[in-house]
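# Topology and contacts: notes
Chain by chain, the residues run as shown.
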Amino acid sequence: MKKIAFLVSRLGSGGAERVISVLATHFAKKGYGVTLFVFSKEAKYAIDERIEVIQLSDNASKLKKVTGRCKQAHDFMKKNQIAAIITFELYYAFVLSKYKDIRVITSCRNYPKSEFKSPIGRMIQYWTFLRAAHVVFQTEEQKKLFRRVHRYSIIPNPVNDEVFRIQRTAAEKKIVTVSRLEEQKNIGLLLDAMIDFHERYDEYILEIYGEGQLLQTYRQYTEEKKASPYIFFKGFCPNALSCIANASAFVLTSDFEGMPNALMEALSLGIYSVATDSYGGGTKALIRDGYNGKLVPMNDRKALVESLLLLETDPEAVKEMEENARKEREKYSSENIGVLWEKLIA
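Now for a look at the structure at hand.

Thresholds, definitions, all that
- Residues numbered from 1 in each chain as written.
- Predicted model: local features only at pLDDT ≥ 70, side-chain atom pairs only at ≥ 80, totals over all residues.
- Heavy atoms only, no water.
- Salt bridge = Lys/Arg side-chain N within 4 Å of Asp/Glu carboxyl O.
- Helix = DSSP H or I, 4+ residues; strand = E, 2+ residues; numbered from the N terminus.
- Buried < 20%, exposed > 50% of the residue type's maximum accessible area, 1.4 Å probe, protein only.
- Core = buried A, V, L, I, M, F, W, Y, C linked by side-chain atoms within 4.5 Å.
- Contact = heavy atoms within 4.5 Å.

### Topic: the pattern of salt bridges
Applying the stated criterion to the full structure yields 15 salt bridges. A salt bridge links Asp192 to Arg301; the nearest nitrogen and oxygen atoms lie 3.7 Å apart. Within this pair, whereas Asp192 is found in helix α7 (residues 187–200), its partner Arg301 is found in helix α12 (residues 301–313), the two being separated by 109 residues in sequence. When its relative accessible area of 17% is taken as the criterion, Asp192 is described as buried. Measuring nitrogen to oxygen at the nearest pair gives 1.9 Å for the salt bridge that ties Arg288 to Glu328. Separated by 40 residues along the polypeptide, Arg288 in the loop between α11 (282–286) and β13 (294–296) and Glu328 in the loop between α13 (315–327) and α14 (334–344) bring together distant segments of the chain. Here the salt bridges share partners, and the residues they tie into one network are Glu172, Lys174 and Glu207.

Written out as structure tokens, the structure reads:
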């Protein structure tokens, strides 16, 4: 039996954690022996029962915590003859790559120039990618920042298999987003655009799924603008696809992204999707403006509102974009993306 390990801090609500859970499940279904190293067993994503979950130790200083956990993971892998590990945790990938008897596969999950504010952080990421056995980039734009990295592949994220089972019914007059409520996601732009849009079409509501540090800030702003009756903060939804399936539109307003899972899944469901042309290239890789969705400039409130107005002013164009989006979803299935990851450990 082939064996593979994954390392992730915890299976929380983030996009990287969801990708790890999808990949681990894919390998388990394919008959691999799968070990999942975590720091906390708290999980918001389901774990396949065939996956062995091991919680790494937590009783050390921050630096010793990293090195100690890596040694613990390495010792387990050596004892159980596991030759490869996939982790998106930068510092852990860096330390694990010193062990020459295992293959460390890591990935660029965001736009480095925006994600890492300090030169030291970007330098550590570069060293990690140079030392790793293989690096997976999500977009060409990410790869261009690491010209000296030669052991790499460009692989988009997989979508949740649930998108192939959900049937959309008549769209409700609601606009949705699924997002961490952090500065990167620029939810303030969405709030302002919704306020403008609502002045024209007051039957629409906005539902925001997600949690984050700016939740109270956004709630207060919504109250100040007297928009609370039609803007709702729904928190974390364990089955976000069901929550958004019948929306009229999905909106992503990020300033930078890797390959945004929520946008991929909205497109795959056939929801009219509008996204900012953010740094990192992920939205541009997913949306061809006017064909399968709308791509608008970052921080362009007017362009965002105009894209939402199409729901009422040109419903036929919206319907055509939705149909085109659904046609492309198969290439992002967990099976097709999982096969590309399997090739990295063959």
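More follows now that the structure is in view.
### Topic: the nonpolar core
In this structure, Ile175, Phe197 and Ile231 are the most contacted members of the largest nonpolar core, which totals 34 residues. Those elements that place two or more of their residues in this core are α7, β9 (205–209), α8 (215–224), β10 (231–235), β11 (249–252), β12 (272–276), α12 and α13. Apart from residues lying up to four places away in sequence, Ile231 is in contact with Leu191, Met194, Ile195, Leu206, Ile208 and Thr222. Counting residues in hydrophobic clusters, the runner-up holds 27 residues, among them Val163, Met259, Ala275 and Ile287.

Everything listed here is a matter of coordinates, which is why it stays silent on function.
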